[in-house]
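# Observations on chain architecture
The residues making up each chain are set out below.
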Amino acid sequence: MPAKSKSPEAAQHKLWKAELKDLKANRHKVVKNFTALHFAACKEVRQAELAVAKAKKALDAAAVKRGRLMTKNEKAENAALRNFDRRIAILNGRLGL
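Here the structure is a predicted model, which is why all the values come from computation and not from measurement. (Residues numbered from 1 in each chain as written. Predicted model: local features only at pLDDT ≥ 70, side-chain atom pairs only at ≥ 80, totals over all residues. Heavy atoms only, no water.)

## Here's the deal with the overall build of the protein
- Along its length, the protein carries 1 helix and 0 strands.
- For the protein, whose C-alpha radius of gyration is 39 Å, the value lies well above the compact-globule estimate of 13 Å for 97 residues.
- The 97 residues of the protein split such that 0% are buried.
- Put simply, the protein shows about 9800 Å² of open surface, and 63% of that area lies on carbon and sulfur atoms.
- Of the side chains in the protein, 23 bear a positive and 9 a negative charge, and the two mean positions are spaced by 6 Å. (Helix = DSSP H or I, 4+ residues; strand = E, 2+ residues; numbered from the N terminus. Rg over C-alpha atoms; globule rule 2.2 N^0.38 Å. Buried < 20%, exposed > 50% of the residue type's maximum accessible area, 1.4 Å probe, protein only. Areas by Shrake-Rupley, 256 points an atom, 1.4 Å probe, with all protein chains shown as cover. Lys, Arg positive; Asp, Glu negative; His and termini not counted. Charge placed at Lys NZ, Arg CZ, Asp CG, Glu CD.)

Right under this line is the structure:
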């Protein structure tokens, strides 16, 4: 077996290896914690998505209802003005206007 080096570079190399080992272990712990939290968060995300879908459905229904009311109002307005417009056109024709 070769003799162990006691140079400053070897000591620094040893520290870096130890730090790397600690960082990898800590990273693994964080990943494990986030994986555990992910399952809890998934439920909340699904609930939020369902709430958004429900709100979109309500908005779409309200938009359809608004469209129907607008169409109904336009038809009623045209029907109300039809007799006036007809009589005005007749009188304009008789007067030659």
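From this point, things continue past the structure.
## Observations regarding the environment of Arg66
- Looking at where Arg66 falls in the secondary structure, it is placed in helix H1 (residues 8-95).
- A relative accessible area of 55% places Arg66 in the exposed class.
- Sequence separation of Arg66 and Lys32 is 34 residues, and the distance between their C-alpha atoms is 51 Å.

## Some words on H1
- With 88 residues, H1 should cover 130 Å at 1.5 Å per step; its first-to-last C-alpha distance of 114 Å lies more than 12% under that length.
- The principal kink in H1, of about 35°, is found at Arg82. (Expected span 1.5 Å × (residues − 1). Bend = angle between axes of the 7 residues up to and from the residue.)

## Here's the deal with a nonpolar patch on the surface
- A grouping of Val30, Phe34 and Leu37 is seen on the molecular surface, where their side chains present a nonpolar patch of about 320 Å² in accessible area.
- Examined against the element boundaries, Val30 turns out to sit in helix H1.
- Classification of Val30 by relative accessible area gives partly exposed; the value is 43%. (Patch = residues over 30% accessible without salt bridge, like charges linked within 9 Å, V, L, I, M, F, W, Y side chains within 5 Å. Salt bridge = Lys/Arg side-chain N within 4 Å of Asp/Glu carboxyl O.)

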